[in-house]
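What the coordinates show
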Amino acid sequence: MPTRRDCVVGLVGGLAGLLGLPGVGHTAPARRRYGHLIAVGGAEDRQRDRLILRRFIEVSGGPQARLLLLTAASGDPAGAWEGYRGVFAELGAQRVEPIDFRTVEEANDPAAVQRILDTDGVYISGGDQRRLMSVLWESQAARALHLAFHLRGCCIGGTSAGAAALSRQMLAIGEPTLRPYRDAVSLDIGLGLLASAIIDQHFNERHRLGRLLSALALRPDLLGVGIDEDTALVIERGRAIEVLGNGAVTLLDGRQMRSNVREVDPEQPLTLLDVRVHLLPAGTRYEVVDTDPDTPAPPPALRQALELLVRPGPIRG
């Protein structure tokens, strides 16, 4: 009788075939039931406790997990790999490799795509999210990331630019601004693994509240997620969120917001009314599915926002 693992591998292989992707062999290791996203605000600790990278390895499957460091956002992919290689080794990860794309053709290479389909965790380095998406947009590698996350429980992490690109609506350009205004930011299409939020990074360190509010004014149907440096928002798909590191996550909910964004001149300060702000410091964990009696239930307004945040988006192909 086929095992659950065989059924999952078969389903992935069938969908991969429909999408024109390589198949997944039966030698692939078993996956966890729930996928994780780890969005890091940049400058994560690589020298002391290294809590964020430890958690990435843990939820990817431990020391024997197959891990990839995706350096396509970096202008110096070799330097980015060197910056992480020794750290992962010191943390006990035994099967870590770099993967990089400089062109769309490379992101469509069947061998590279198969490496993503076979992996347990992908960590996307910092750099420039526009560079990253210029080679991943509508590529076979991007489709493989979706299959790996949605169907095989792969952990997808990203730091700085890599975090910004996790969302469907990606904050592409925007200088820090003391006051939100309509043309303060430019949005673009990201990977779409997080469907319901816009992520900003280096948040408090670079004074980006005005920038994220400007983005939220353009897309009030989404949540704004501002992540401090050396801080990670861990999303356990459909179930819970956790904040790790030494800073905080600022969660903006503008779904009930009233604004004049469509009425004012591009550089005129905005009126934004009834924006909810939730500040989640490191060490915070909230269950959306009530499974742990020792974890406090979030207040109703926060729970509604978190339900949206952990909701799986569609598989993009």
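Keep in mind it's a predicted model, so treat the numbers as computed, not measured. (Residues numbered from 1 in each chain as written. Predicted model: local features only at pLDDT ≥ 70, side-chain atom pairs only at ≥ 80, totals over all residues. Heavy atoms only, no water.)

1. Considering the overall build of the protein chain
A tally of regular secondary structure across the protein chain gives 10 helices and 16 strands. Here the protein chain holds 317 residues, and 55% of them are scored as buried. Accessible surface for the protein chain amounts to roughly 13500 Å². Of this, 49% is attributable to carbon and sulfur atoms. (Helix = DSSP H or I, 4+ residues; strand = E, 2+ residues; numbered from the N terminus. Buried < 20%, exposed > 50% of the residue type's maximum accessible area, 1.4 Å probe, protein only. Areas by Shrake-Rupley, 256 points an atom, 1.4 Å probe, with all protein chains shown as cover.)

2. Focus on the sheet that holds strand β2 (residues 67-70)
On the basis of which strands lie adjacent, the open sheet formed by eight strands has the order β3-β2-β4-β5-β1-β10-β11-β16 and mixed pairing. The outermost strands of the open sheet, each flanked by one partner alone, are β3 (96-99) and β16 (285-287). Pairs of neighbouring strands in the sheet enclose a mean axial angle of 15°, with direction left out of account. The pairing of strand β10 (residues 231-236) with strand β11 (residues 240-245) spans six bridges and is antiparallel. Within β11, the residue paired with alanine 232 across the bridge is leucine 244. (Pairing = 2+ DSSP bridges. Axes fitted to C-alpha atoms, helices over the stretch in contact; angles between N-to-C directions.)

3. A short note on the packing of aromatic side chains
Applying the stated criterion across every chain, the model contains five aromatic pairs. Feature note: the residues Phe56, Tyr84, Phe88 and Tyr123 constitute an aromatic cluster, connected by ring pairs. Taking NZ or CZ as reference, arginine 46 lies 3.9 Å from the ring centre of tyrosine 84, over its face. Here the guanidinium or amino end of arginine 237 rests over the ring plane of phenylalanine 149, the centre of that ring lying 5.0 Å away. (Phe/Tyr/Trp six-rings, centres within 6.5 Å; stacked < 30°, edge-to-face > 60°. Lys NZ or Arg CZ within 6 Å of the ring centre and 35° of its normal.)

4. So, the nonpolar core
Of all hydrophobic cores here, the largest spans 57 residues; its most connected members are Phe101, Ile156 and Leu309. The greatest single-element share of this core, amounting to seven residues, is contributed by helix α7 (residues 140-152). Ranked by size, the runner-up nonpolar core spans 22 residues in total, among them Leu53, Leu69, Tyr84 and Ala232. (Core = buried A, V, L, I, M, F, W, Y, C linked by side-chain atoms within 4.5 Å.)

5. Description of the packing of helix α2 (residues 51-60) against helix α3 (residues 77-90)
Contact geometry for α2 and α3: axes closest at 11 Å, N-to-C directions at 70°. Put simply, α2 runs roughly perpendicular to α3. Judged by the twist between their axes, the crossing of α2 over α3 is right-handed. Contact residues: Leu53, Phe56 and Ile57 in α2; Tyr84, Val87 and Phe88 in α3. (Parallel < 35°, antiparallel > 145°, perpendicular 65-115°, else oblique. Left-handed = near helix turned anticlockwise from the far one by under 90°. Contact = heavy atoms within 4.5 Å.)

6. A short note on empty space enclosed by the protein
On inspection of all chains with the given rule, the structure shows one cavity of 30 Å³ or more. Of the pockets and cavities examined, the largest cavity occupies roughly 50 Å³. Together, Gly35, Leu37, Phe149, Leu193, Ile235, Arg237, Leu309, Val310, Arg311 and Pro312 line the largest cavity. Considered class by class, the residues forming the lining of the largest cavity number seven nonpolar, one polar and two charged. (1 Å grid on protein atoms, 1.4 Å probe; cavity = no way out; pocket = protein on both sides within 12 Å on 5 of 7 lines; lining within 4 Å. Points joined across faces, edges and corners; volume = space filled by probe spheres on them. Nonpolar A, V, L, I, M, F, W, Y, C, P; charged D, E, K, R; others polar.)

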